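Now for the letters of each chain:
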Amino acid sequence: MKIIAGVALVVAIALLPGSACSQGRAAPKDAKLYFITPHDGQKVRGGFLVRFGLRNMGVTHAGDDYPNAGHHHLLVDVKDPIDPNEPIPQDKSHLHFGAGQTETMLELAPGTHTLQLVLGDAKHYPFAPPIVSEKITIRVRSSASARSK
């Protein structure tokens, strides 16, 4: 009877929701995520290059579960902080770079926008502690106003 109870306990633990195991993957304390370009306060026009910088961790594909490695997510005009207990959303404001990309061409409407980077693990969860860049503000000029200056 003790064997059956032991097996039942192991099965019950194995069937608990797995999300707790896939989130909060440890990250080095000295990891740093940052923008190479554009810079905070920069004025850009039309399509512009966004380059991601990462120090003391590696970049890999989504789904690849290597230690001290993840993939980039670019947050555009996101006001709310990322929930560390949920995968990073994927929509027009939460751009995923699951193929291991470290740059992208971005087209935004003219006006003021904020950008922030978040590093996600193999399952798109933020690391613990979260690896995020500083939020930067850029101003996108319309093509017509860029030509006239």
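Treat the numbers as computed from the prediction; the structure is a model and nothing was measured.

### Things to note about the overall build of the protein
Okay, step 1: Scanning the protein for helices and strands turns up three helices and nine strands.
Okay, step 2: Ordering the α and β elements of the protein from the N terminus gives α-α-β-β-β-β-β-β-β-β-β-α.
Okay, step 3: Taken across its 149 residues, the protein has 35% of its residues classed as buried.
Okay, step 4: Across the protein, contacts joining residues at least 24 apart in sequence account for 69% of those joining residues at least 6 apart.
Okay, step 5: Counting every atom, the protein has about 9100 Å² of accessible surface; 56% of that belongs to carbon and sulfur.

### With respect to the nonpolar core
Okay, step 1: Of all hydrophobic cores here, the largest spans 23 residues; its most connected members are Phe48, Leu74, Leu115 and Ile131.
Okay, step 2: Put simply, the parts of the chain that give this core at least two residues each are β1 (32-37), β3 (47-55), β5 (69-76), β8 (111-120) and β9 (136-141).
Okay, step 3: When residues of this core are assigned to their parent elements, the largest contribution, four residues, is made by β3.

### With respect to the pairing of β9
Okay, step 1: A one-sided burial pattern is seen for β9, the buried positions being Ile136, Ile138 and Val140 and the unburied ones Thr137, Arg139 and Arg141.
Okay, step 2: Looking at chain direction, β8 and β9 are connected through five bridges and run antiparallel. Paired with histidine 113 across the strands is isoleucine 138, a residue of β9.

### A word on the sheet that holds strand β7 (residues 103-107)
The strands making up a sheet associate through hydrogen bonds between their backbones, and the pairing can be parallel or antiparallel.
Okay, step 1: Ordered in space as β1-β3-β7, the three strands form an open sheet in which the pairing is antiparallel. The sheet is open, and its two edges are formed by β1 and β7, each paired on a single side. Taken pair by pair, the neighbouring strands of this sheet meet at an average axis angle of 35°, ignoring direction.

### Some points on the environment of glycine 58
Okay, step 1: With respect to the helices and strands, glycine 58 occurs in strand β4 (residues 58-59).
Okay, step 2: Residue classification places glycine 58 among the partly exposed residues on the basis of a relative accessible area of 24%.
Okay, step 3: Between the alpha carbons of glycine 58 and histidine 71 there is a distance of 8.3 Å; along the sequence they are 13 residues apart.
Okay, step 4: Apart from residues lying up to four places away in sequence, glycine 58 is in contact with Asn68, Ala69 and Gly70.

### Digging into the pattern of salt bridges
For side chains bearing opposite charge, pairing can occur when the charged atoms are close.
Okay, step 1: By the definition in use, this model includes two salt bridges.
Okay, step 2: Aspartate 65 is paired through a salt bridge with arginine 25; the nearest N and O atoms lie 3.0 Å apart. With aspartate 65 in the loop between β4 and β5 and arginine 25 in the loop between α2 (19-22) and β1, the pair connects residues that are 40 residues apart, well separated along the chain.
Okay, step 3: A salt bridge links arginine 51 to glutamate 103, with the shortest nitrogen-to-oxygen separation between them at 3.4 Å. Here arginine 51 is found in strand β3, whereas its partner glutamate 103 is found in strand β7, with 52 residues between them in sequence.

### Considering the confidence of the model for the protein
Okay, step 1: Taken as a whole, the protein shows an average pLDDT of 85; of its residues, 80% reach a score of 70 or greater.
Okay, step 2: Counting interchain partners and residues more than four positions distant, the pLDDT-below-50 stretch residues 5-22 has four contacts.

### Topic: the environment of glutamine 101
Okay, step 1: Checked against the element boundaries, glutamine 101 lands in the loop between β6 (94-97) and β7.
Okay, step 2: Along the backbone, glutamine 101 and histidine 72 are 29 residues apart, and their C-alpha atoms lie at a distance of 7.4 Å.
Okay, step 3: Within the local environment of glutamine 101, its side chain forms a polar contact with the backbone nitrogen of alanine 99, the two atoms lying 3.0 Å apart.

### Some words on the environment of proline 87
Okay, step 1: Tracing the backbone shows proline 87 in the loop between β5 and β6.
Okay, step 2: Residue class for proline 87 comes out partly exposed when judged on its relative accessible area of 35%.
Okay, step 3: Placed 37 residues apart in sequence, proline 87 and histidine 124 show a C-alpha to C-alpha distance of 5.0 Å.
Okay, step 4: Once you skip the residues sitting within four places of it in the chain, proline 87 turns out to touch Lys123, His124 and Tyr125.

Rules used throughout
Residues numbered from 1 in each chain as written. Predicted model: local features only at pLDDT ≥ 70, side-chain atom pairs only at ≥ 80, totals over all residues. Heavy atoms only, no water. Helix = DSSP H or I, 4+ residues; strand = E, 2+ residues; numbered from the N terminus. Buried < 20%, exposed > 50% of the residue type's maximum accessible area, 1.4 Å probe, protein only. Contact = heavy atoms within 4.5 Å. Areas by Shrake-Rupley, 256 points an atom, 1.4 Å probe, with all protein chains shown as cover. Core = buried A, V, L, I, M, F, W, Y, C linked by side-chain atoms within 4.5 Å. Pairing = 2+ DSSP bridges. Axes fitted to C-alpha atoms, helices over the stretch in contact; angles between N-to-C directions. Salt bridge = Lys/Arg side-chain N within 4 Å of Asp/Glu carboxyl O. pLDDT = per-residue confidence, 0-100. Polar contact = N/O pair within 3.5 Å; in protein donor to acceptor, adjacent residues only side chain to side chain.

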